[in-house]
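Summary of the model geometry
If you want the building blocks of each chain, they are given just below.
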Amino acid sequence: QVQLMESGGGLVQAGGSLRLSCTASGTYFSINAMGWYRQAPGKERELVATITSGGSTNYAESVKGRFTISKDNAKNTVYLQMDRLKPDDTAVYYCVAGRRWPKVDYWGQGTQVTVSS
């Protein structure tokens, strides 16, 4: 089992920045990719960014050039740096992990990000 613990959400004005963190614990050695989903009220869940065990990254078109996903293997932590935030980025952000990506095996509890206009 793998446990994912997110932190770093909050309220920020449009144009501001936030950094989300996700620390993995448990039997995470078999994880081959991690990422961030987000869910806003009335909208479909969206895969925002992913990073593989080899360090390859992918982003949703809606966040390209503004968000950066990275990881610190020594800390078993994945980060999502979010810059130039927009009100449309308001959502609950979930850290996810998979043993055979894109299949998601584990979800974090979610952290709220609210961007005010």
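To be clear, the structure that these remarks concern was listed above.
Now for a description of the structure that goes with this document. Fair warning: this is a prediction, and the values are worked out from it, not measured in the lab. Along each chain, residues carry numbers from 1 onward, in the same order as the chain's sequence is written. In keeping with the model being predicted, local features are shown solely for residues with a pLDDT of at least 70 and side-chain atom pairs are shown and tallied solely at 80 or more, while totals for entire chains, interfaces and linings include all residues. Neither water nor hydrogens contribute to the side-chain values; these are computed over all heavy atoms in the structure.

1. Re the state of the cysteines
Here, disulfide denotes a covalent bond that connects the sulfur atoms of two cysteines. To count as a disulfide, a pair of cysteine sulfur atoms needs to be within 2.5 Å. Applying the stated rule across the entire model yields one disulfide. At a sulfur-sulfur separation of 2.0 Å, the disulfide partner of Cys22 is Cys95. Around the S-S axis, the bridge from Cys22 to Cys95 shows a dihedral of about -80° and counts as left-handed. Highlighted residues: Cys22 in strand S3 (residues 18–26) and Cys95 in strand S9 (residues 91–98), separated in sequence by 73 residues. Just as Cys22 is buried, Cys95 falls in that class too. Helix numbers and strand numbers start at the N terminus; a helix is a DSSP run of H or I with at least 4 residues, a strand a run of E with at least 2. For every residue, the accessible area obtained with a 1.4 Å probe (protein chains only) is divided by the maximum for its type, and the residue is called buried under 20%, exposed over 50%, and partly exposed between those limits.

2. With respect to the pairing of strand S8 (residues 77–82)
Within S8, five of the six residues are buried, which leaves it mostly tucked inside the rest of the structure. Two strands pair under a simple rule: DSSP has to find at least two bridges between them. Here six bridges tie S3 to S8, and the two strands are oriented antiparallel to one another. Looking at the pairing, Arg19 lines up with Gln81 of S8. Here strand S7 (residues 67–72) runs beside S8; their pairing, made up of six bridges, is antiparallel. Residue pairing for S8: Thr68 is matched across the bridge by Gln81. Remark: four residues form the turn of the hairpin made by S7 and S8, two consecutive strands paired antiparallel; Asn76 in that turn has positive phi of roughly 50°.

3. Focus: the pairing of strand S5 (residues 46–52)
Where strand S4 (residues 33–39) and S5 come together, six bridges link them in antiparallel fashion. Among the inter-strand pairings, Arg38 is bridged to a residue of S5, identified as Glu46. Count of turn residues in the S4/S5 antiparallel hairpin: six residues, of which Gly42 carries a positive phi of about 75°. Pairing between S5 and strand S6 (residues 57–59): three bridges, direction antiparallel. Paired with Ile51 across the strands is Thr57, a residue of S6. Counted between consecutive antiparallel strands, the loop separating S5 from S6 contains four residues, among which Gly55 sits at a positive phi close to 95°.

4. Here we look at the side chain of Asp89
Inspection of the secondary structure assignment puts Asp89 in the loop between S8 and S9. Within the structure, Asp89 has its side chain in polar contact with the side chain of Arg38 (distance 2.9 Å). When checking whether two residues touch, look at their non-hydrogen atoms; a contact exists if any pair is within 4.5 Å. Once you skip the residues sitting within four places of it in the chain, Asp89 turns out to touch Arg38, Arg66, Phe67, Arg84, Val113 and Val115. Throughout this description, a polar contact denotes any pair of N or O atoms lying within 3.5 Å of each other; where both atoms belong to protein, one of them has to be capable of donating a hydrogen while the other can accept it, and for residues adjacent in sequence the pair is counted only when both atoms sit in side chains.

5. Things to note about the sheet that holds S7
Taken together, the four strands give an open sheet; going across it, the order is S1-S3-S8-S7, and neighbouring strands pair in antiparallel fashion. Each end of this open sheet is capped by a strand with a single partner; those strands are strand S1 (2–7) and S7. Each neighbouring strand pair of the sheet contributes to a mean axis angle of 20°, computed without reference to strand direction. Bridging between S1 and S3 involves six bridges; their strand directions are antiparallel. Its bridge partner lying in S3, Met5 is registered against Thr23. Helix axes are fitted only over the stretch in contact, all axes being lines through C-alpha atoms; the angle between N-to-C directions runs from 0 to 180 degrees.

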